[in-house]
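Chain residues, written in single-letter form:
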Amino acid sequence: MKQPMEIIPAVDIKSGRCVRLLQGRKDSETVFSDDPAAMAARWASEGARLIHVVDLDGAFEKQPRNADSVRDIVGKIDVPIQLGGGIRTVEAVDMYLDMGVSRVILGTEAVKNPSLVRTVCSKHPGKIVVGIDARDGMVATQGWTETTKRKAIDVAKGFEGYGLAAIVFTDIHRDGMQRGVNVEATKRLAEAVTIPVIASGGVSSLDDIKELLPLEKSGVEGVITGRALYTGALDLKAAIQLARG
């Protein structure tokens, strides 16, 4: 039997606190908690089966910056976590997986250096996720500050056969803006590859979850939601109940 679509709460860490940014802009943060581990524990207690953690300082500074906060989260909850942000070397991947992180997300570095992805996939099969962030269908890198001339679908196809656990696909124009998920773009990408896809960016309500559920057939196995949970616009338990039918 196929697993129902996972509703995956996001815990974004900046300076040791749980924040959300609008469209990834450093100057647009809202602090939701001084205790990211307590936040992760809350989402786990409400039924999440995977937590999406981002080291925002790491993403901007290109190296791990909130390892202590990540260690706290791993120590506090039994639910698996996937972690991204500033992970650009084999050593960083090893460090986080040794710490107890379940899956590691490579973003900019994966796009620029596919051979690193190949290396860590063969070393840690089923533990590596690639994050593909797109602005108008084109891949954006460097903490979303640069837009490339490469199509997201072409980049995704390039990772076929690597043994990735998943691709996290984010539509930047919608991230943190609660404008609904870019269902069409997500569907196109998911149908272009055999790698499972996790949708991200723009979830604002239960209706957005409803719109995404038919994409399970296309290979979308989960959806990440952040700001909508923190503002109360989306109830995690209700979303999980809807997804699990």
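Residues numbered from 1 in each chain as written. Predicted model: local features only at pLDDT ≥ 70, side-chain atom pairs only at ≥ 80, totals over all residues. Heavy atoms only, no water.

Pulling in residues and values, what's your account of the packing of helix 3 (residues 67-76) against helix 4 (residues 90-99)?
Their axes nearest at 10 Å, the elements helix 3 and helix 4 cross at an angle of 30°. By the angle class used here, helix 3 and helix 4 are roughly parallel. On helix 4, the residues touching Ala-67, Val-70, Arg-71 and Val-74 of helix 3 are Met-95, Tyr-96 and Met-99. Within the contact of helix 3 with helix 4, the residues separate by chemical class into six nonpolar, no polar and one charged. (Axes fitted to C-alpha atoms, helices over the stretch in contact; angles between N-to-C directions. Helix = DSSP H or I, 4+ residues; strand = E, 2+ residues; numbered from the N terminus. Parallel < 35°, antiparallel > 145°, perpendicular 65-115°, else oblique. Contact = heavy atoms within 4.5 Å. Nonpolar A, V, L, I, M, F, W, Y, C, P; charged D, E, K, R; others polar.)

Summarise helix 11 (residues 236-243); cite the residues concerned and give the values.
If you check which residues of helix 11 are buried, you get Leu-236, Ala-239, Ile-240 and Ala-243. Down the axis of helix 11, the sector holding all buried residues measures 95°, keeping them to one side. The outward face of helix 11, more than 90 degrees from its buried face, is lined by the exposed residues Lys-237 and Gln-241. In this structure, the buried residues of helix 11 make contact with strand 1 (6-14), helix 1 (36-45), helix 9 (206-212) and helix 10 (227-231). The N-terminus of helix 11 is capped by Asp-235, whose side-chain oxygen sits 3.1 Å from the backbone nitrogen of Lys-237. The positive-phi residue at the C-terminal boundary of helix 11 is Gly-245, with phi of around 70°. (Buried < 20%, exposed > 50% of the residue type's maximum accessible area, 1.4 Å probe, protein only. Arc of directions from axis to C-beta. Polar contact = N/O pair within 3.5 Å; in protein donor to acceptor, adjacent residues only side chain to side chain.)

Nothing here speaks to function; it is all geometry.
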